[in-house]
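Listed here are the chains, written in short residue letters.
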Amino acid sequence: MYNILNNPQLGELEIIEVYEYFNMPLLFSCKNLVDSFYIALCADDLPEHDMWLYTEVSLKRLNLLRSGLISIHDVFAKPEMGRLLKATIPNNSSAEFNSKYVAPEELNENVFPPVDKFLVPKNTPLMPQTNSVEIAKAQGREIISLNFNSNQE
């Protein structure tokens, strides 16, 4: 079985949060090694293969989804980048993995979650994991490390 977190187009993915689970994650947020964020959805599971949809999202849109302000349907039916990655992942080793970018209009509407389906709101927004060294590098600033040692106890 192919790994849903290792996609040739997206790279190695790391799960951030799982929103729906049944024997495996069915709807989750993830990011790749360069901190691009995605929402992944198991849109169809058949005996021979599973169809997964991945949509790239900004941190702002991910936080809107997590806050319950936009529906799961809209994240996939109206993607920020205008396209989704549709991956067909075989359930046996004899079939071939296949993935391609598609416009939402190319897909049947029933692969998307219902229009009225929202996540349970979370009060804490996701923050990009950065430390002072990364912030300084991003702003082109010098990095100084200071240690204050006292001779007195």
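Keep in mind it's a predicted model, so treat the numbers as computed, not measured.

### Quick notes on the overall build of the protein
Part 1 of the argument: Summing up its helical and strand segments, the protein has three helices and eight strands in all.
Part 2 of the argument: Taken from N to C terminus, the helices and strands of the protein fall in the order β-β-β-β-β-β-α-α-β-β-α.
Part 3 of the argument: Relative to its full complement of 153 residues, the protein shows a buried share of 40%.
Part 4 of the argument: Sequence-distant contacts, at least 24 apart, represent 50% of the contacts inside the protein between residues at least 6 apart.
Part 5 of the argument: Summed over its atoms, the accessible surface of the protein is roughly 10100 Å², and 50% of this surface lies on carbon and sulfur atoms.

### Description of the side chain of E17
Part 1 of the argument: Locating E17 in the fold gives a position in strand β3 (residues 14–21).
Part 2 of the argument: Polar side-chain contacts of E17 include one of 2.8 Å to the side chain of Y19.
Part 3 of the argument: Apart from residues lying up to four places away in sequence, E17 is in contact with F28, S29, R66, K122 and L126.

Calculation rules
Residues numbered from 1 in each chain as written. Predicted model: local features only at pLDDT ≥ 70, side-chain atom pairs only at ≥ 80, totals over all residues. Heavy atoms only, no water. Helix = DSSP H or I, 4+ residues; strand = E, 2+ residues; numbered from the N terminus. Buried < 20%, exposed > 50% of the residue type's maximum accessible area, 1.4 Å probe, protein only. Contact = heavy atoms within 4.5 Å. Areas by Shrake-Rupley, 256 points an atom, 1.4 Å probe, with all protein chains shown as cover. Polar contact = N/O pair within 3.5 Å; in protein donor to acceptor, adjacent residues only side chain to side chain.

All we've got here are geometric facts, nothing functional implied.
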